[in-house]
Amino acid sequence: MTYQFKIQIKGITKPPVWRRVLVPDTFTFQQFHFLIQEVFGWENMHLYSFSEEVYGGSFRISEPDEMDDCYSTPTKDASKVKLRAYFGKDTSKSLVYWYDFGDDWMHIIKLELVSDEVLLHPRCLAGKGTCPPEDCGGVGGYEYLKALFREDPESEEAQEMREWLGLEEDETWDANYFNLEEANRYLSQL
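Residues numbered from 1 in each chain as written. Predicted model: local features only at pLDDT ≥ 70, side-chain atom pairs only at ≥ 80, totals over all residues. Heavy atoms only, no water.

**Details of the packing of aromatic side chains**
- Tallying each qualifying case throughout the model produces 17 aromatic pairs.
- Look at tryptophan 42 and tyrosine 99: their rings are 5.1 Å apart centre to centre, the planes differ by 50°, and that puts the pair in the tilted class. Taken together, the residues span a long stretch of sequence, with tryptophan 42 in the loop between helix 1 (29-40) and strand 3 (48-53) and tyrosine 99 in strand 6 (residues 94-99) at a distance of 57 residues. With respect to burial, tryptophan 42 and tyrosine 99 carry one shared label: buried.
- When the ring of phenylalanine 149 is compared with that of tryptophan 173, the centres are 5.4 Å apart and the planes differ by 35°; the resulting orientation is tilted. A residue pair is termed long-range when its members are at least 10 positions apart, and phenylalanine 149 in helix 3 (residues 138-151) and tryptophan 173 in the loop between helix 4 (156-165) and helix 5 (180-188) qualify at 24 residues. Like phenylalanine 149, the residue tryptophan 173 is buried in the burial classification.
- Lying over the aromatic face of tryptophan 18, lysine 6 brings its terminal NZ or CZ to 4.7 Å of the ring centre.
- Geometry around tyrosine 86 places lysine 93 over its ring, the cationic atom sitting 4.4 Å from the centre. (Phe/Tyr/Trp six-rings, centres within 6.5 Å; stacked < 30°, edge-to-face > 60°. Helix = DSSP H or I, 4+ residues; strand = E, 2+ residues; numbered from the N terminus. Buried < 20%, exposed > 50% of the residue type's maximum accessible area, 1.4 Å probe, protein only. Lys NZ or Arg CZ within 6 Å of the ring centre and 35° of its normal.)

As structure tokens, this is what we get:
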């Protein structure tokens, strides 16, 4: 089977940041994590988990670590659990993907469609918005960054942010930017 998911970062608006992807049901949650990293443009620098709810639920799917005993819910190994084990054919199901336990990037994953199509490689169908830079301070920090570039792009602070982002002198930063072809090129490397 093939799953069509819409994955959206919670709390970001104007523009929202989301991606729509096709994924084989045989993918493990670890492979799904790598897919999310690629289509959003994250750098896979931080821990992650999948669960039913923001900060909770009856289970947690992640990479095993020494902190597993500290969680109030059982941890399942992301490299061993396949997407079909959770989703089946139930399009009413959704999950939360939590990336970076400091910046707290919560992604709402909604299963939109299940088809009998055999998909050999994942594909990104659509998306909107630039992914926040790693370690920018969560939703609040990202909203501040967008406002800074929108309201005072020539300020000293904006210039410092441009340097921090690694932008060239003539390069601009656009919160609306999303390149579907680029996202699929990254996915092809999975």
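**A short note on the sheet that holds strand 1 (residues 2-9)**
- One open sheet holds the 8 strands; their spatial order is 5-4-3-6-7-1-2-8, and the pairing between them is mixed. The open sheet has two edge strands with one neighbour each: strand 5 (75-77) and strand 8 (123-128). Between one strand and the next, the sheet's axes are offset by a mean angle of 25°, whatever the strand orientation.
- Alignment of strand 3 against strand 4 (residues 56-62), held across 3 bridges, turns out to be antiparallel. Each bridged residue has a counterpart across the sheet, and for serine 51 the counterpart in strand 4 is arginine 60. (Pairing = 2+ DSSP bridges. Axes fitted to C-alpha atoms, helices over the stretch in contact; angles between N-to-C directions.)

**Brief notes about the pattern of salt bridges**
- Counted by the stated rule, this structure contains 5 salt bridges.
- When the shortest N-O distance is used, the salt bridge between aspartate 25 and arginine 84 registers 3.7 Å. Of the two residues, aspartate 25 is situated in the loop between strand 2 (18-24) and helix 1 and arginine 84 in helix 2 (residues 83-87); the sequence distance between them amounts to 59 residues.
- Residue classification places arginine 84 among the partly exposed positions, given a relative accessible area of 40%.
- Here glutamate 143 and lysine 146 are joined by a salt bridge, their closest N and O atoms 3.2 Å apart. In this pair, glutamate 143 and lysine 146 are both assigned in helix 3, 3 residues apart and thus about one turn of the helix distant.
- The class of glutamate 143 is partly exposed, set by a relative accessible area of 26%. (Salt bridge = Lys/Arg side-chain N within 4 Å of Asp/Glu carboxyl O.)

**Description of unusual backbone geometry**
- The peptide bond linking lysine 14 to proline 15 adopts the cis configuration, its omega dihedral lying at 0°.
- The topology assignment puts lysine 14 in the loop between strand 1 and strand 2.
- One non-glycine residue, aspartate 100, lies in positive phi territory at about 70°.
- Following the sequence through the fold, aspartate 100 ends up in the loop between strand 6 and strand 7 (105-115).
- Classification of aspartate 100 as buried rests on a relative accessible area of 4%.

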